[in-house]
Each structure stands twice: as C-alpha cells, then as structure tokens.
Amino acid sequence: MSLLRIFLAPVAAAAFVVVAVAHPAIAQQPPPAPGPAAVVPERKLAPSKRIQTAPVIDGVLDDAAWQDAPIISGFVQADPFEGMAASEETEVRVVYDDDAVYVGVMLHDSDPSQIVTTDTRRDSNLNQQDSFQMVFDTFHDLQNGFVFGTNPAGIEYDAQIRNLGEPSAEWDASWEVQVQVLENAWVAEFRLPLRTLRYAAPPQRWGVNFRRHMPRYRETSFWAPLERIYGINRLSDAGQLTGLTLPAPRNLKILPYVVGSANRNFVPNRPTDGDGEWGGDAKVGVTPSLNLDLTYNTDFAQVEVDTQQINLSRLNLRFPEKRGFFLENSGLFRVGMGNELDLFFTRRIGIDENTGGLVPIVGGGRLSGRVGSLNVGLLNMQTEEFGFTPANNFTTARVSQELGNRSSVGAIFVNRTGTGSLATDDDWNRTWGVDGALGVGDRVTVNGFAARTKTPGLSGREYAYNTNFNYQDDRHRSLFEYGVTGEDFNPEVGFVQRPGGYRRVRAGFWETLRSERIREWGFREFLPHVWYRRFDRLDGGGLHTADLHMDYYWDWEDGYFLSTGLMGTWEGFDQPFEIYPGVIVPPGDHGGLYFETELYSDRRQPVFGRVQYAVGSFLTGSQHSPTFQVTLRDSGRFTLDTTWNYRSISLPEGSFVTNLANMRVTYNFTPLIFVQSLLQYNDRTNRFSTNLRFHWLDTAATGLFVVYNDTEGMDGLGPVNRTFIVKYVRQFDLFN
C-alpha cells in the first residue's frame, strides 16, 4: 500500500463516521458581512459610579442605581473580522458601594432564538456558547486578574489569571448573577462582594476588559480591542476602570463540614466499614490584598475520580489536581514546564504515589496575595501516618515581582520532612528555584527557570534549567527551547515526566492563513505548523526520546475541523523495556514515522462526533490506533459524552491490543444542582468502575454532596469495592 493510500484511508473513514454521527440539527448562520472598522483610542477608559442604594439582583436593569450609570459600549471584533465593530451592541454599566461592585450588562440580540447554550453547570466552559465575561486586574500590574462570566442560562463562571496565563476556573468565589432573556436581548446583573476580591488601597486603578462570544457567527468581541491571537488574559492590552474609591473589606468565612461514609471491600470475611468525620476550612482577610486560608481534617470526598490512562511508555503519568483547596491560587506556586516538569505539584500531598489512595491530611494553611508590589505565597500542610508511610510536613514559599512589559522575576522553596515515629533522620527533600519572564516589544517573550534539589543519598547533578524564546504575531508563531535536567534532580513534591537526566531541545513554527479566497472555499483558516523535540541522555549517552510533529489544520466556517499530520516518535532504550505483559522491547533506538488525522464536527450542535486515527511505525513494529468520541446534548441540561480509545500494536516481540473507554453523563437541574456519572472500562486492569455524584451547591463550591463509587472485576470475580458518601459543607460569612 502506498503512503498516499495509507494517509487517505483514515481520513476518509474519519469523515464518514463524523458526518454520519453529527449531521447538523440546527441551521447554520454565516457571519455577517464585515462592517466598518471601529475607531478606538489607544487606551480605553471605563467609568464607574458610587451609589447609595444597591440594586436588586434580578436580571432587570430597572433600579435607580442603573439609571444614571455611565454606559460602556463600543465592542470590537477580535474574530472573525479583527478590528471591525461587533455585529450586535453590548452595553455595560459598573457601579459600586461599600460592600460590592455591581455590573449590569445589556446584550442586544436581533434573534434570541439562535442563542446557543451547551452547558448550564457552574464553571462550565463558555467558549462554545453565548456568553459574557469580564476581567478585573485589581492591582493594575497588567499580568494578574479575576474573571467573572455567565451565559443566558445564568451560570456562575469565575477564574483567576496568573502571569498572563490561561484563566484557571478552579477558583471558586462567593458572588451572584441573575439573567433574563428578552425579545431582542439578554440581560445579566452581577453582584461581586468586595471581600471576594483582593485589591490595593484607594484610590484604586483597575485594569478591565469585557468579552462577548456569539457562537452562531463564531464571533468574539472585546470592549478593549485585542488581536485575534489573544484572549481575555491579555491584561497588558486591557482598558482601565476609573472612578473607584473602595474601602478595605473585612473578610472572615468559616466553612465547616460533616461527612458520613460506608465502604465495602469485597474480600472474604471483610464487613462493611462505616465512618463519620467533621472538619472545616476558614478564609481570613489579613489585609485587603492578603488572604489566609486554613484547613483542618481536610476532606475531598466530593471530587470526581481520575480519568484512567493506559501507559505504553517509560514516562511518568500526570493526573490533574481536582481538589479545591489546592487549586485555589495554584498559579502563584507554578514554576517549571507544566506537564513535563513542575517544581511544586500538590498531588504529592495527601495522595499515595504508588496506589493513588488518599493519605489523611491533618490540616494546614496558605497565606497568599500581595505585600506591597510583591506576590507572596506560603503553604504548610501536615499529613498523618498511613500504613508504613510516615507522616509528612510540606512547606512551600513563593515570591514574585511583576515588571514592565509582561516581565517578571520570582523564587520558590519547597520542603518535605518526614515526621512522627516512622520517620528517619534522612527522610527529607528540598527544592530551590528561580524563574523569570522578559517581554521584548509586543511580540517576543523570553522565559525560563533554574532549580536545584537536595536529597539524602544523591550526589550527582541535582539541578535543572530551561529557557524558552517565543515570537508571536497575528500570522506567525515560532519558538525555541533549550534545557537540562540532571540525573539526580529529584523534586519529591514536584513532578518530572522523564526521570534519569537529559538535555532537551525544542523548535517549532506555526502559521495562520486567512484570506477571502479561503473563506470562499468555506474555511475560516488554515494552520500549517511543525515542531521537533529531542531529549538526549547526558554525557553522550545517546537518544532518550525524539518527537516530530508536522500538521495541517483545516478549520471550516461551519465549525467542522480536520487535522492531517505526519508524526514521528523515536525511543532510545538502554535496557530492555516491558511494554506489555510478556512483550519486551530490546535495547536500542526504535521508532519511525506515522500518519495521524483527526476530524470533528461542530461542537455547537446537539450531536458532536470526533474521530482520531494513527497508523504507521511504533517502536520496533507498527500500530493502528483509532479513537472515537460522541457527545449528545439537550439545551445545556443533559450531556452524554462517550470516548473509546483502541490501540493495536504489532511488534516482532509480540502483538497486543488495549481498550480504554469512558462515558460521562450529566444532568443539570439548575446551574447549581446537577447529577453526574463517570463510567470507565480499562482492559489492562480488567475492571469496570462507576463514579456517581449529586451536587446541590450553595456558594463557592459549598453545599450537599452525595457520592457513590463502584469497582467491578470483569474476570468473573464480581464487585471489588463499593463506597457511599454523604457530605455537607456550609459557609458562614461572619461579616455579612
């Protein structure tokens, strides 16, 4: 079979499956013709107004507070017609008193019947549905901010931005919003308590921007104009909110919880274990810009279980942090290279690395915020003894300073010390690190870090460093990275994907092609790109891993998407590697090229389908690996999402097949009440598991939680484990 036929076969198969699954259920609307370019000042100013009587938050802008409030308007498209006036008018009003900031938004819409709502659950993704978001850079450092948003169903979406990074929606704050859909508009009314935010002393100057998304046109517009390549996190180009004179808020919240559980391990003569616990958290406003979070007998029973993975490599798997206490302000403590290397990874606290089981957390605290112009963070947590694992104390200290033009500098210290009777004198580990970013003009960013660890018994190269050069404009992006990780670099409270030491090089180039002719063909843009990454062992030890990625994205105007790529992966083994039981790959350099394609349909539709297919070389042999996904939605209330990943590997040393499947079913009764199930099957463990959760939320992720977990053996042994948990968390705002 020729290479062309190998390439075209999966493309044709993918196209057939997705088109069959995801036939459009609603009519597509082309984007309106581009209007005149908006005339925009270099830096926009948004006025605010102090009020005496607070408005009633009901989604109707008829209160006296709104009548004389200045109107903020003039939204400008970032996509699809950058710099043009938005196709629908949006009007924003901002008022405040000594307790809160109030935002009223009128989102004009000539045809509300075309509004798209894909999810009605708190913190659901707003990028595929009609939505409004706002960001407040409360220290006006042009790099950090708070995001609040909603959709026509009235969901609460909040997030934090750290160092111009992507908004992190894991931050949950106490605030409220009400929405009304009218004949020719929809209205959103927000109340943001001052104690929810952190800000400097008066007179305040906040950075601000507002974002509206209209999926029927795939249109995104901003009040402070942004280039298409940027999002709401581009605070260096935001406008300014003027007229603020906010008092220092008092903040003291107590969040006690009670939890009861029943657990049954299905082994002979093992009864069902019942348990009851209590504990709680507290949030204390030390200053208007500095918060103290405390936790005692920490519990995360309501958190969704991990989505399973099958590892066919030597790399360490990284599962995401989902526990709320650790997710809040997590961006402040993030130093490294994300999923490849992280100096501080909170899943090392309270989770056993070998089994994934929970280690009891006695408690701890986190102090985070601003002291003068410095960002500061201090975290300390204490765990209990667990089996033969000693208790541990974890301490992390972080400081950083924003500089001009997207630049910053910072340092971090991480310490783990074994405590209690099971700990020994040499049971400790420490990490030191520095990091920084340098913005050069509007297009170039250079960032990097350097770190060192200290572990008793290790004396080799205990250091790591990496630097990254990135250039991006509205059409091109290029990067170059170089770094070294020593063989004894060991951040035990961090994450290293590739142990053993290596020298790392990566280079890449992306180009975005948009033109009138491309639009005439039915496409929005083409995105050809290529990158190459190589890891070599230190001291001339040869190849560790190399990856080649040459891809071409085809983005249809109607929301369909196709990628066609030539990929390559090469692995260097210095010793035999058992990739599958009984299948051992010999030492040497193995790998080669393979083709990969992905096709998915319009995510705005009630039925969404995706097919991904890889075929070609794999280590000493070959692979063909399809992935199928189907998602069904009903008006944002009901969602059924099913994914099946199949891998067929043929090697001279042996052939094998793996299957990994999951189904997530969600029903949202209201934006704060939902039930969700996650069903998973993994043929490597030969087990089927169910995680069923019912959440009745109050505010800031508090409320009633009911959880049922069931693990079943698929080899005739029947149930393995079943757990039933009921938890209730209540927030008491002592100054409200």
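Residues numbered from 1 in each chain as written. Predicted model: local features only at pLDDT ≥ 70, side-chain atom pairs only at ≥ 80, totals over all residues. Heavy atoms only, no water.

A. Representation of the pattern of salt bridges within the structure. Counted under the stated rule, the structure contains 48 salt bridges. With a shortest N-O distance of 3.1 Å, Asp158 and Arg122 are connected by a salt bridge. Within this pair, whereas Asp158 is found in strand S8 (residues 157-161), its partner Arg122 is found in the loop between strand S5 (100-108) and strand S6 (131-137), the two being separated by 36 residues in sequence. Judged by relative accessible area, which is 0%, Asp158 ranks as buried. For Arg122, a relative accessible area of 9% corresponds to the buried category. Between Arg506 and Glu481 there is a salt bridge, with the nearest N and O atoms lying 4.0 Å from each other. Remark: Glu481 occurs in strand S25 (residues 476-485) and Arg506 occurs in strand S27 (residues 502-511); sequence separation between them is 25 residues. Each member of the pair, Arg506 together with Glu481, is buried. Here the residues in one salt-bridge network are Asp79, Arg228, Arg514, Arg519, Arg524, Glu525 and Glu557, joined through shared partners. (Salt bridge = Lys/Arg side-chain N within 4 Å of Asp/Glu carboxyl O. Helix = DSSP H or I, 4+ residues; strand = E, 2+ residues; numbered from the N terminus. Buried < 20%, exposed > 50% of the residue type's maximum accessible area, 1.4 Å probe, protein only.)

B. Structural context of the pairing of strand S12 (residues 219-222). Burial along S12 is two-sided: the residues Glu219 and Ser221 and Thr220 and Phe222 are all buried. Sheet topology places strand S11 (residues 206-214) next to S12; four bridges connect them, and they run antiparallel. Note that in S12 the partner of Met214 across the bridge is Glu219. With antiparallel pairing between neighbouring strands as the criterion, S11 and S12 make up a hairpin whose turn holds four residues, including Arg218 at a positive phi of roughly 50°. (Pairing = 2+ DSSP bridges.)

C. Local environment of the confidence of the model for the protein. Residues with a pLDDT of 70 or more make up 94% of the protein, whose mean pLDDT is 90. Ranking the elements of the protein by mean pLDDT puts helix H1 (residues 3-21) last with 38 and strand S4 (residues 90-96) first with 98. Across residues 1-28 the pLDDT falls below 50, and counting only partners more than four positions away or on other chains, this stretch makes 43 contacts in the model. (pLDDT = per-residue confidence, 0-100. Contact = heavy atoms within 4.5 Å.)

D. Focus on the packing of aromatic side chains. Across all of its chains, the model carries 31 aromatic pairs by this definition. A centroid spacing of 5.0 Å and a plane angle of 65° characterise the contact between Tyr553 and Phe561, whose relative ring orientation is edge-to-face. For Phe561, a relative accessible area of 11% translates into the label buried. Here the aromatic rings of Tyr580 and Phe656 are separated by 4.4 Å at their centres, their planes lie at 10°, and the arrangement is stacked. Of this pair, Tyr580 sits in strand S31 (residues 577-580) while Phe656 is found in strand S37 (residues 654-670), placing the two residues 76 residues apart along the sequence. Look at Phe656 and you get buried, because its relative accessible area is 5%. Taken together, the ring pairs in this structure connect Phe132, Phe146, Phe148, Trp171, Trp175, Phe190, Phe210 and Trp223 into an aromatic cluster. The ring of Phe674 has Arg121 lying over it, and the distance from NZ or CZ to the ring centre is 5.0 Å. (Phe/Tyr/Trp six-rings, centres within 6.5 Å; stacked < 30°, edge-to-face > 60°. Lys NZ or Arg CZ within 6 Å of the ring centre and 35° of its normal.)

E. Inspection of the side chain of Glu571 at higher detail. Topologically, Glu571 is positioned in strand S30 (residues 561-573). One polar contact links Glu571 to Arg314, side chain to side chain, over a distance of 2.4 Å. Those residues in contact with Glu571 that sit more than four places away from it in its chain are Arg314, Leu543, His544, Thr545, Gly588, Asp589, His590 and Leu619. (Polar contact = N/O pair within 3.5 Å; in protein donor to acceptor, adjacent residues only side chain to side chain.)

F. Spatial organisation of unusual backbone geometry. Put simply, Asp79 and Pro80 share a cis peptide bond, and its omega is 10°. Within the secondary structure layout, Pro80 lies in the loop between strand S3 (76-79) and S4. Each neighbour pair has its own omega, and for Pro202 with Pro203 the value is -5°, a cis peptide bond. Within the fold, Pro203 resides in the loop between strand S10 (185-193) and S11. One non-glycine residue, Leu142, lies in the positive phi region at around 70°.

G. Summary view of a nonpolar patch on the surface. Among the surface-exposed residues, Val258, Trp278, Tyr296, Val362 and Tyr728 lie close enough to one another that they form a single nonpolar patch of about 510 Å² accessible area. Tracing the chain through its elements places Val362 in strand S18 (residues 361-371). The partly exposed category is assigned to Val362, whose relative accessible area is 32%. (Patch = residues over 30% accessible without salt bridge, like charges linked within 9 Å, V, L, I, M, F, W, Y side chains within 5 Å. Areas by Shrake-Rupley, 256 points an atom, 1.4 Å probe, with all protein chains shown as cover.)

H. Up close: the side chain of Arg504. Inspection of the secondary structure puts Arg504 in strand S27. Assessed through its relative accessible area of 3%, Arg504 is described here as buried. Polar side-chain contacts of Arg504 include one of 2.6 Å to the side chain of Glu481. Among all residues touching Arg504, those that are not within four sequence positions of it are Met337, Glu340, Asn466, Glu481, Tyr482, Gly483, Arg533, Arg534 and Phe535.

I. Representation of the nonpolar core in the model. Phe132, Phe190 and Phe210 are the most contacted members of the largest nonpolar core, which totals 37 residues. Taken together, the elements giving at least two residues each to this core come down to S4, S5, S6, strand S7 (145-150), strand S9 (176-181), S10 and S11. Residues contacting Phe190, with those up to four places away along its chain left out, are Ile57, Val101, Tyr102, Val103, Val105, Phe132, Met134, Gly149, Thr150, Trp175, Glu176 and Val177. One finds Val335, Ile361, Val414 and Phe489 within the second-largest nonpolar core, a separate group that totals 25 residues. (Core = buried A, V, L, I, M, F, W, Y, C linked by side-chain atoms within 4.5 Å.)

J. Representation of the sheet that holds strand S2 (residues 49-50) in the model. Taken in spatial order, the five strands make up an open sheet running S2-S4-S5-S10-S9, and their pairing is mixed. Pairing within the sheet leaves two strands with one partner each, and these edge strands are S2 and S9.

K. Geometry of a negative patch on the surface. Side chains of Asp275, Glu277, Glu384 and Glu385 sit close together on the surface and give a patch of like negative charge. With respect to the helices and strands, the residue Glu384 is situated in the loop between strand S19 (374-383) and strand S20 (391-402). (Lys, Arg positive; Asp, Glu negative; His and termini not counted. Charge placed at Lys NZ, Arg CZ, Asp CG, Glu CD.)

L. Here's a closer look at the environment of Thr620. With respect to the secondary-structure elements, Thr620 resides in the loop between strand S34 (607-618) and strand S35 (621-634). On the accessibility criterion, Thr620 (25% relative accessible area) is partly exposed. For the pair Thr620 and Glu219, spaced 401 residues apart in the sequence, the C-alpha separation amounts to 47 Å. Look past the residues within four positions of Thr620 in its chain and what remains in contact with it is Val585, His590, Leu651, Pro652 and Glu653.

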